[in-house]
Amino acid sequence: YRYNDLFTNKDSRLFELKLSNSLSYRYLNGDAVPMFAQNYDNLRHDINNTLQLSAYGPQIITTDTYLSAYFNYSANYEWGRLNNTDSTGTYTSNLRFSHSLHLNFDMRVIGILHFAWNNSLDLSNLKFDIGDPWFYVNI
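Notes on the structure in this doc start here.

About the thresholds
Residues numbered from 1 in each chain as written. Predicted model: local features only at pLDDT ≥ 70, side-chain atom pairs only at ≥ 80, totals over all residues. Heavy atoms only, no water. Helix = DSSP H or I, 4+ residues; strand = E, 2+ residues; numbered from the N terminus. Buried < 20%, exposed > 50% of the residue type's maximum accessible area, 1.4 Å probe, protein only. Polar contact = N/O pair within 3.5 Å; in protein donor to acceptor, adjacent residues only side chain to side chain. Contact = heavy atoms within 4.5 Å. Pairing = 2+ DSSP bridges. Phe/Tyr/Trp six-rings, centres within 6.5 Å; stacked < 30°, edge-to-face > 60°. Salt bridge = Lys/Arg side-chain N within 4 Å of Asp/Glu carboxyl O.

Here glutamine 59 lies in the loop between β4 (43-56) and β5 (66-82). With relative accessibility at 6%, the residue glutamine 59 sits in the buried group. At a separation of 2.9 Å, a polar atom in the side chain of glutamine 59 contacts the main-chain carbonyl oxygen of threonine 63. Among residues more than four places away in sequence, those in contact with glutamine 59 are Tyr3, Asp5, Ser12, Arg13, Thr65 and Tyr66.

Before going further, it helps to examine the pairing of strand β7 (residues 113-122). Note that strand β6 (residues 95-109) and β7 share 10 bridges and pair antiparallel. In the sheet register, aspartate 106 faces β7, and the bridge partner there is alanine 116. The turn linking β6 back onto β7 is made up of 3 residues, and isoleucine 110 within it adopts a positive phi angle of 55 degrees. Sheet topology places β7 next to strand β8 (residues 127-130); 4 bridges connect them, and they run antiparallel.

Looking at the secondary structure, you find threonine 50 in strand β4. Here the side chain of threonine 50 touches asparagine 48 through a polar contact of 3.3 Å, side chain to side chain. Excluding residues that lie within four positions of it along the chain, threonine 50 makes contacts with Ser20, Asn21, Ser22, Asn72, Tyr73 and Ser74.

On to the packing of aromatic side chains, then. For the coordinates displayed, the defined rule picks out 5 aromatic pairs. On the basis of an interplanar angle of 75 degrees and a centroid distance of 6.0 Å, the ring pair of tyrosine 56 and tyrosine 66 is categorised as edge-to-face. With tyrosine 56 in strand β4 and tyrosine 66 in strand β5, the pair connects residues that are 10 residues apart, well separated along the chain. Side by side, tyrosine 56 and tyrosine 66 carry an identical accessibility label, which is buried. Residues tryptophan 134 and tyrosine 136 carry aromatic rings whose centres are separated by 4.7 Å and whose planes lie at 25 degrees to one another, so their mutual orientation is stacked. Owing to a relative accessible area of 28%, tyrosine 136 belongs among the partly exposed residues under this scheme.

Next up on the list: the pattern of salt bridges. What the rule picks out here adds up to 3 salt bridges. Between arginine 108 and aspartate 64 there is a salt bridge, with its nearest N and O atoms 3.2 Å apart. Here arginine 108 is found in strand β6, whereas its partner aspartate 64 is found in the loop between β4 and β5, with 44 residues between them in sequence. Look at arginine 108 and you get buried, because its relative accessible area is 18%. Taking the relative accessible area as the measure of exposure, aspartate 64 reaches 28% and is therefore partly exposed. One salt bridge in this structure joins arginine 96 and glutamate 78, with 3.2 Å as the shortest N-O distance. Within this pair, whereas arginine 96 is found in strand β6, its partner glutamate 78 is found in strand β5, the two being separated by 18 residues in sequence.

As structure tokens, then:
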């Protein structure tokens with residue numbers, strides 16, 4: 001949706017919806033994982049899928065001043081040998097599935113000043129995390 005900005009009378013975006021999906025596969029060879037980085041994220045195979053709905057608008061005064069909200073569902077499936085081990089035994093971490101919902105808000109002013117707030121719900125263990133609003137500068 002487009003409109004003429006009230007302050008500058010320029011053609012601006014009033015509202016935009018965007019639906020996107022991202023699918024990725026990762027193969028990790030265990031000898032390259034340092035000991036300090038060993039955790040359950042260093043299984044050999046990893047498939048991640050993220051479905052995201054984004055809402056932007058309205059643009060006010062400049063094209064880089066607007067509100068945005070992102071809602072996404074993320075699913076991660078990991079399996080295979082736990083890296084950096086010589087044992088071939090079965091670990092509880094040899095197969096892992098996790099999924100979560102995220103709701104993020106961002107208000108940007110001239111693309112430099114940002115006010116953001118990120119929230120998430122881990123569906124694997126029903127843990128809700130309300131994030132603290134934060135402010136940052138992007139130069």
